[in-house]
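# Commentary on secondary and tertiary structure
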Amino acid sequence: MVTPLPADPEFENSIERYVLDIAFLRDLPEEAITTCVQRYEEARPHLLSVLRYAADSKEDDDEISEGLFRVLHIIGAVRDTQAFAPLLRFLRNRPDDLGYLLGDATTETLPRILIGTFDGNADALFDSIGDQKLDALVRDSLLRAATFLAWEGRIDRARMVAFLEKFASGELAVEGEFVWHAWVDAIALLGLRHFVPLVEQARARGIIDEFMFERDAFYACLDHAEREPSDASRFAASKLGYLDDALEALRFFADDDDESEESSLDRPHIDEDSSPQPAVNPWRHVGRNDPCPCGSGKKAKRCCLAV
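Residues numbered from 1 in each chain as written. Predicted model: local features only at pLDDT ≥ 70, side-chain atom pairs only at ≥ 80, totals over all residues. Heavy atoms only, no water.

Turning to the side chain of D80, a few remarks are in order. Along the polypeptide, D80 turns up in the loop between helix 5 (62-78) and helix 6 (84-93). For D80, a relative accessible area of 3% translates into the label buried. Only 2.9 Å separates the side chain of D80 from the backbone nitrogen of Q82, close enough to count as a polar contact. Ignoring sequence-local partners within four residues, the contact set of D80 consists of Y40, R44, L48, I75, G116 and T117. (Helix = DSSP H or I, 4+ residues; strand = E, 2+ residues; numbered from the N terminus. Buried < 20%, exposed > 50% of the residue type's maximum accessible area, 1.4 Å probe, protein only. Polar contact = N/O pair within 3.5 Å; in protein donor to acceptor, adjacent residues only side chain to side chain. Contact = heavy atoms within 4.5 Å.)

Spelled out as structure tokens, the structure:
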């Protein structure tokens, strides 16, 4: 019989042990996440090293995917600006892996992580938005983050306006790209009334998908921005702001994964020899603001319709 080695109390309470839990435990390590937030100065070099490794590595690495996802949310919640440069590098160097590594966080929490970690380098952020090699949903989230930062004053408003004007020229995006909708929303959220003719021209030319464009909502948001420019509620409605609780956000994704697994287990077995069933179009009668037919719980326009 092998006698187990005694536990090392010093290691058990070390920040390295909690970082390892975050990196490798399959189930959500709530204690480790809370501890790394509370003891962030100790955890920072370890968490940033995970992000930098992911940013600079060109290889798929399943071992770090779960840990990286958790690290991004911790870094975003504590608003570590040292993470902004490697985060942008990660987004630009791993375009083919982002759907796998980020999943629904691409649209749900990435904008808030970017807002929290922004280090003041607007040029780097604008360059990433204009990089057409990047995933369309990532560019959308980058532009939404820039919109909030401009409203808050962390990006100079005049610089943001100039960037939106450049975007309108078509130099940074081709017709029909999903990121045009972030451009439209930026104009409404920032109250840029003088951009309305450009929006209407883009609609007329088909640059903006008519099905995706919410005309009434656009003008209502524009009116609100002009009437109450300091009111943050319009940004909250668009899920823009800061990520305040990493654990809460990660619980949301963990619960979502559990529901997906249960749904797949409950799915009835399809007998290949059974009679064929009539095809049903799941998008019939689905509007852009209706729940996505895939069952994600998100609006169709921010889920499968975006793809």
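Before going further, it helps to spend a moment on unusual backbone geometry. Positive phi values are uncommon outside glycine, yet R79 reaches one of about 60 degrees. Within the secondary structure, R79 sits in the loop between helix 5 and helix 6. Here the phi dihedral of K239 falls at roughly 60 degrees; this positive angle occurs in a residue that is not glycine. Assignment of secondary structure puts K239 in the loop between helix 16 (233-237) and helix 17 (246-266). Among the residues examined, K239 registers a relative accessible area of 46% and is labelled partly exposed.

This paragraph deals with the pattern of salt bridges. If you walk through the whole model with that rule in mind, you get 20 salt bridges. In this structure, E41 and R44 form a salt bridge, with 3.1 Å as the shortest nitrogen-oxygen distance. One end of the pair is E41 and the other is R44, both in helix 4 (residues 40-56) and 3 residues apart, which spans about a single turn. In this structure, D123 and R159 form a salt bridge, with 2.2 Å as the shortest nitrogen-oxygen distance. Linking D123 in helix 10 (residues 122-129) with R159 in helix 12 (residues 157-168), this pair joins segments that are 36 residues apart in sequence. For R159, a relative accessible area of 37% corresponds to the partly exposed category. A single network of salt bridges, built from pairs that share partners, joins E41, R44 and D80. (Salt bridge = Lys/Arg side-chain N within 4 Å of Asp/Glu carboxyl O.)

Contact geometry of helix 13 (residues 179-189) with helix 14 (residues 196-204) gives a least axis separation of 11 Å together with a crossing angle of 155 degrees. One way to sum up the angle between helix 13 and helix 14 is to call them roughly antiparallel. As helix 13 runs across helix 14, the sense of the crossing is left-handed. From helix 13, W183, V184 and I187 reach across to helix 14, where they touch L198, V199 and A202. Counted by class, the contact of helix 13 with helix 14 contains 6 nonpolar, no polar and no charged residues. (Axes fitted to C-alpha atoms, helices over the stretch in contact; angles between N-to-C directions. Parallel < 35°, antiparallel > 145°, perpendicular 65-115°, else oblique. Left-handed = near helix turned anticlockwise from the far one by under 90°. Nonpolar A, V, L, I, M, F, W, Y, C, P; charged D, E, K, R; others polar.)

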